[in-house]
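# Commentary on secondary and tertiary structure
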Amino acid sequence: MPSAFEGIGDRPWGWWLRANGSVIEDGDGGRWPSVLDAFWHGRLNMPKSNFAKEQLELMLRVMAAIERRPLRPAETHHDMFEGNFAFNRLYMLWLVSVGLAECEGRSSPLDAYLTDFGRSVLLLLQVTREPEWVDLPFTSVSALAFRREGDAAREASLRSFEHEVALRTYVFARERMQGDPSVTLTGMVEEGRVPIRRVIWSQKFPNPLARDDFFAWLAERVDRWDDWGTMAFRRGAGALTQHLFVMLDSPEN
């Protein structure tokens with residue numbers, strides 16, 4: 001439920017909430033473990049999920065970019081939404097629909113500006129941000145987020161990530177090969193009239209945990225998958241294996 005205090009844009013959203021022991025009370029009967037929960041699940045009515053933190057980080061990046069227009073080269077909508085202009089437009093429409101942004105008098109929701117409510121939410125997101133996420137590309141934020149979760153939540157996040165990347169030209173995936181936990185790389189191969197996927201690289205691991213840790217490392221670098229797939233296709237699986245393990249040993253990667 002919107003609060004009468006939401007129109008004050010120079011304070012972080014939720015400054016009026018009351019702490020009662022280990023919970024936050026919103027005055028309307030809602031009790032939350034944190035102010036972020038009160039905003040995300042209470043005010044916006046978002047369902048419980050394993051990726052709330054990464055979505056709050058995306059919201060922060062988009063709203064901060066709106067507030068400091070013109071955009072800097074590193075924070076274009078193309079970068080934030082990985083070139084998905086349909087999602088970009090939908091996201092801006094959603095910000096306007098929930099009152100975080102306003103496009104009245106503007107030619108397009110893409111030119112919307114933050115409301116006082118939006119600015120107060122931006123302040124909340126800035127003061128509660130994960131410090132180590134500041135300089136990461138958003139694709140890395142998604143991977144880093146599920147590394148912090150418990151086993152069940154991490155597995156759900158890994159599966160969600162695998163589903164999101166399944167249609168890429170080159171795809172790393174967790175599998176079992178001859179009973180061993182493995183990571184494979186498949187690529188589209190033009191054979192005959194119908195292109196098919198073929199495994200062009202694979203690596204076995206002693207246990208599922210080691211495999212999943214390696215896959216999480218790969219997920220943080222999803223922007224390099226096409227380059228690595230091209231390397232394996234043109235130079236062979238051995239060249240990619242050597243390249244990846246040199247990177248793993250490098251403190252800069």
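Higher on the page you've got the structure.
A short tour of the structure in this document, coming up.

## Some points on the overall build of the protein
A tally of regular secondary structure across the protein gives 10 helices and 8 strands. Going through the 253 residues of the protein one by one, you find that 41% of them count as buried. As displayed, the protein has an accessible area near 14100 Å², and 53% of this comes from carbon and sulfur atoms.

## A closer look at the sheet that holds strand 1 (residues 18-20)
The 3 strands lie next to each other as 1-2-3, forming an open sheet whose pairing is antiparallel. In this open sheet, the two strands that pair with only one neighbour each are strand 1 and strand 3 (31-32). Strand direction decides the pairing type here: strand 2 (residues 23-25) and strand 3, joined by 2 bridges, are antiparallel. Note on strand 3: the bridge partner recorded for E25 is R31.

## Section: the packing of aromatic side chains
Tallied over the entire structure, the rule returns 16 aromatic pairs. When the centroid spacing of 5.1 Å and the interplanar angle of 70° are considered together, the rings of F172 and W225 count as edge-to-face. Within this pair, whereas F172 is found in strand 6 (residues 170-177), its partner W225 is found in helix 9 (residues 225-235), the two being separated by 53 residues in sequence. With a centroid separation of 6.3 Å and 80° between ring planes, the pair formed by F172 and W228 is classed as edge-to-face. One end of the pair, F172, is in strand 6; the other, W228, is in helix 9, with 56 residues separating them in the sequence. As far as burial versus exposure is concerned, F172 and W228 are alike and both buried.

## Observations concerning a nonpolar patch on the surface
Together, F5, I8 and W15 give the surface a local cluster of nonpolar side chains, amounting to about 250 Å² of exposed area. Examined against the element boundaries, I8 turns out to sit in the segment before strand 1.

## A short note on helix 8 (residues 208-219)
Look at helix 8: 16 Å from first C-alpha to last across 12 residues, which is about the 16 Å you get at 1.5 Å a residue. Here helix 8 starts with a cap whose side-chain oxygen sits 3.2 Å from the backbone nitrogen of L209, and that cap is N207.

## Focus: the side chain of T115
Positionally, T115 belongs in the loop between strand 5 (113-114) and helix 5 (116-127). Within the structure, T115 has its side chain in polar contact with the backbone nitrogen of G118 (distance 3.0 Å). Apart from residues lying up to four places away in sequence, T115 is in contact with G99, L100, A101 and E102.

## Here's the deal with the pattern of salt bridges
Going through the model one piece at a time under the given rule, you end up with 14 salt bridges. For E155, the salt bridge is made with R159, and the minimal N-O distance between the two is 2.9 Å. With E155 and R159 both in helix 7 (residues 151-165), this residue pair falls 4 residues apart, about one helical turn. A relative accessible area of 24% means that E155 is categorised as partly exposed.

## With respect to the environment of R43
Within the fold, R43 resides in helix 1 (residues 35-43). On the basis of relative accessible area, R43 is assigned to the buried category, the value being 17%. Spatially, the C-alpha atoms of R43 and V98 are 9.7 Å apart, while their sequence positions differ by 55 residues.

## Overview of helix 5
Counted at 1.5 Å a residue, the expected span for helix 5 with its 12 residues is 16 Å, and the 17 Å between its end C-alpha atoms agrees. Within helix 5, burial applies to F117, G118, S120, V121, L122, L124 and L125. Buried-residue contacts for helix 5 involve helix 1, helix 2 (52-67) and strand 5.

About the cut-offs
- Residues numbered from 1 in each chain as written.
- Predicted model: local features only at pLDDT ≥ 70, side-chain atom pairs only at ≥ 80, totals over all residues.
- Heavy atoms only, no water.
- Helix = DSSP H or I, 4+ residues; strand = E, 2+ residues; numbered from the N terminus.
- Buried < 20%, exposed > 50% of the residue type's maximum accessible area, 1.4 Å probe, protein only.
- Areas by Shrake-Rupley, 256 points an atom, 1.4 Å probe, with all protein chains shown as cover.
- Pairing = 2+ DSSP bridges.
- Phe/Tyr/Trp six-rings, centres within 6.5 Å; stacked < 30°, edge-to-face > 60°.
- Patch = residues over 30% accessible without salt bridge, like charges linked within 9 Å, V, L, I, M, F, W, Y side chains within 5 Å.
- Salt bridge = Lys/Arg side-chain N within 4 Å of Asp/Glu carboxyl O.
- Expected span 1.5 Å × (residues − 1).
- Polar contact = N/O pair within 3.5 Å; in protein donor to acceptor, adjacent residues only side chain to side chain.
- Contact = heavy atoms within 4.5 Å.

That's the geometry; what it means functionally is another story.
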